[in-house]
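The chain contents come next:
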Amino acid sequence: LGRYIRLIGAHQSITDLYEARRILEGWNARLAAERADEGDFARLETCLQRMEAHAGSVEKWSDADLDFHLAVARATHNPFLNVLLEPLVGQLHDVIAEGYLVPGAVERGLEAHRKVYACIKARDKEGAYTAIIEHLTDSEARMRAVHPKK
């Protein structure tokens, strides 16, 4: 994935990456809202607590953020969806770390993750889908600020 991004350039790869994320993670959020169990809720809560605790550390924040997205995939209880998201994790770590540097990103990111979690816990499939799509759209906008079109 990293090689592909270097070949086509950062701006186009951002478009492709976020398109793939919206497709995959939108459905992950819907299914998680339908299928998550108490263990999944606990994992998601732990990720949120780690994000709150590490808001001052780009490395630890990024790890907790990625773990949240993987926990949503795991909460679908469809192992293929988790496996499909895992290859993006290395690339996403860099994306999250870069987006973290944009002023206000941590606060907006934490609020977005809380909203996704609340919808999943409330079994609100459409709300979870909308919340993750809004979060990914905001994240993509931050990445475009870091990597403007040339």
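Residues numbered from 1 in each chain as written. Predicted model: local features only at pLDDT ≥ 70, side-chain atom pairs only at ≥ 80, totals over all residues. Heavy atoms only, no water.

S.K.: Before we go on, may I ask you to explain the overall build of the protein chain in this structure?
M.R.: Broken down by element type, the protein chain carries 8 helices and 0 strands. Starting at the N terminus and walking to the C terminus, you meet the elements of the protein chain as α-α-α-α-α-α-α-α. Evaluated residue by residue, the protein chain yields a buried proportion of 46% over its 150 residues. Put simply, of all contacts in the protein chain between residues at least 6 apart along the chain, 79% involve residues at least 24 apart. Surface accessibility of the protein chain: about 7,700 Å² in total, with carbon and sulfur atoms responsible for 57%. (Helix = DSSP H or I, 4+ residues; strand = E, 2+ residues; numbered from the N terminus. Buried < 20%, exposed > 50% of the residue type's maximum accessible area, 1.4 Å probe, protein only. Contact = heavy atoms within 4.5 Å. Areas by Shrake-Rupley, 256 points an atom, 1.4 Å probe, with all protein chains shown as cover.)

S.K.: What am I meant to see in the side chain of S139 here?
M.R.: Checked against the element boundaries, S139 lands in helix 8 (residues 125–146). Once residues within four sequence positions are removed from consideration, S139 is found in contact with Y18 and R21.

S.K.: Mind showing me how you'd approach the pattern of salt bridges here?
M.R.: Pairs may arise between side chains of opposite charge once their charged atoms sit close together. If you walk through the whole model with that rule in mind, you get 12 salt bridges. We note a salt bridge from E25 to R21, for which the minimum N-O separation is 2.7 Å. Of this pair, E25 and R21 both sit in helix 2 (residues 10–35), 4 residues apart, which is roughly one turn of that helix. Judged on exposure class, the residue E25 and its partner R21 are both buried. In this structure, D138 and R108 form a salt bridge, with 3.3 Å as the shortest nitrogen-oxygen distance. With D138 in helix 8 and R108 in helix 7 (residues 105–121), the pair connects residues that are 30 residues apart, well separated along the chain. Residue class for D138 comes out partly exposed when judged on its relative accessible area of 26%. Of the residues examined, R108 reaches a relative accessible area of 37% and is grouped as partly exposed. Each of E52, E111 and R114 takes part in a single network of salt bridges with overlapping partners. (Salt bridge = Lys/Arg side-chain N within 4 Å of Asp/Glu carboxyl O.)

S.K.: Can you walk me through the packing of helix 3 (residues 38–53) against helix 7 in this structure?
M.R.: Two quantities define a packed helix pair, namely the angle between the axes and the distance from one axis to the other. The geometry of helix 3 relative to helix 7 is characterised by a closest axis approach of 11 Å and an angle of 165 degrees between their N-to-C directions. Judged by the inter-axis angle, helix 3 sits roughly antiparallel to helix 7. The handedness of the crossing between helix 3 and helix 7 is left-handed. Of the residues in helix 7, those in contact with F41, L44, E45, L48, M51 and E52 of helix 3 are L110, H113, R114, Y117, I120 and K121. The residue inventory of the contact of helix 3 with helix 7, partitioned by class, reads 7 nonpolar, 1 polar and 4 charged. (Axes fitted to C-alpha atoms, helices over the stretch in contact; angles between N-to-C directions. Parallel < 35°, antiparallel > 145°, perpendicular 65-115°, else oblique. Left-handed = near helix turned anticlockwise from the far one by under 90°. Nonpolar A, V, L, I, M, F, W, Y, C, P; charged D, E, K, R; others polar.)

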